Amino acid sequence: MIGIYGGTFDPVHYGHLRTALEVKEAAGLDEVRFVPCRFPPHRAAPETDPERRLKMLELALHDAEPGFRIDTRELDRSGPSYMADTLASIRAEIGARPLCLIVGLDAFLGLPRWHRWRELFDLAHLIVMRRPGAASDFPGDLGPYLRERRTDQAGTLSRQPSGSICFVDVTQLDISATRIRKAVRTGKSPRYLIPEPVRQFILDERLYVPS
Ligand code: ATP
């Protein structure tokens, strides 16, 4: 079973890496593919160009957990990086193998604003990374989807190619790329929030500092 972990990764940090590992173990994923996006449709453009965001991911994943890979299809495609297109192109390659899209709880709550969001369930399962004990009462358009599709057993996702929603409790690491960029901009160190080679790259390339 393959998990897709999308993001801007500007920069990649231990919040991404640790949660990816916990989801991989909880759901029994063979592979986690980190998919950096080129043009995020739902938020401001990343500060760093795609090439250098990709380089930071490569540095972070060098010698990483077995099964962690980078998938550059969104960088190779022009136009907005819609997850429905990304999953459709992966599905065309993997046939009926089970596929899971991994998202944080915040991203899940914003799902009805995603382009062709209902199609996502035809293409993949959804794994929602949740803070242990967080509320799981979802109003609006998501409610009916959840009632029909929810499972609490991540291990059962591999029985079908797509269509379920599963919450996985992950260790909450209060790390965000926004805070890392701000720390660097204000002369503070991001050490121990990001892999050391990524920190070195940020310094060498003078990322996130006013020019
Ligand atoms: P930014 O601060 O620039 O918005 P970010 O740190 O949220 O960035 P993204 O690359 O936008 O990182 O995130 C990609 C995915 O990783 C999203 O699904 C997001 O919910 C998840 N994510 C990011 N940080 C964490 C964290 N500390 N714990 C769990 N999930 C995280």
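Relevant structure appears above.
Note that the coordinates shown come from a computational prediction; the quantities given were computed from them, not determined experimentally.

### Topic: the overall build of the protein
Next up, step 1: Secondary structure summary: the protein contains 9 helices and 7 strands in total.
Next up, step 2: The globule rule puts the C-alpha radius of gyration for 211 residues at 17 Å, and the 17 Å found for the protein is close to it.
Next up, step 3: Dimensions of the protein, computed from the C-alpha atoms along their principal axes, are close to 50 × 35 × 35 Å.
Next up, step 4: The 211 residues of the protein split such that 50% are buried.
Next up, step 5: For the protein, the share of sequence-separated contacts (at least 6 apart) that also reach a separation of at least 24 residues comes to 74%.
Next up, step 6: Split by element, the accessible area of the protein, about 10,500 Å² in all, is 48% carbon and sulfur.
Next up, step 7: For the protein, the separation between the mean place of its 30 positive charges and that of its 28 negative charges on side chains is 3 Å.

### Focus on the site of the ligand
Next up, step 1: Near the ligand, the surroundings consist of 19 residues, among which His-13, His-16, Leu-173, Ala-177 and Thr-178 are the closest.
Next up, step 2: Leu-173 places a polar main-chain atom, nitrogen or oxygen, 2.8 Å from a nitrogen atom of the ligand.
Next up, step 3: Between the ligand and Thr-178 there is a distance of 2.5 Å, counted from an oxygen atom to a side-chain nitrogen or oxygen.
Next up, step 4: Protein coverage of the free-state accessible area of the ligand, which is 610 Å², stands at 81%.
Next up, step 5: The cavity that encloses the ligand is the largest pocket.
Next up, step 6: Mapped onto the shell around the ligand, the elements with two or more residues apiece are β1 (2-7), α1 (14-27), β4 (99-104) and α8 (177-185).
Next up, step 7: Of the residues assigned to the shell around the ligand, the class counts are 7 nonpolar, 10 polar and 2 charged.

So, how was this worked out
Residues numbered from 1 in each chain as written. Predicted model: local features only at pLDDT ≥ 70, side-chain atom pairs only at ≥ 80, totals over all residues. Heavy atoms only, no water. Helix = DSSP H or I, 4+ residues; strand = E, 2+ residues; numbered from the N terminus. Rg over C-alpha atoms; globule rule 2.2 N^0.38 Å. Buried < 20%, exposed > 50% of the residue type's maximum accessible area, 1.4 Å probe, protein only. Contact = heavy atoms within 4.5 Å. Areas by Shrake-Rupley, 256 points an atom, 1.4 Å probe, with all protein chains shown as cover. Lys, Arg positive; Asp, Glu negative; His and termini not counted. Charge placed at Lys NZ, Arg CZ, Asp CG, Glu CD. Near = heavy atom within 4 Å. Polar contact = N/O pair within 3.5 Å; in protein donor to acceptor, adjacent residues only side chain to side chain. 1 Å grid on protein atoms, 1.4 Å probe; cavity = no way out; pocket = protein on both sides within 12 Å on 5 of 7 lines; lining within 4 Å. Sits in = over half its atoms within 2 Å of the grid points. Nonpolar A, V, L, I, M, F, W, Y, C, P; charged D, E, K, R; others polar.

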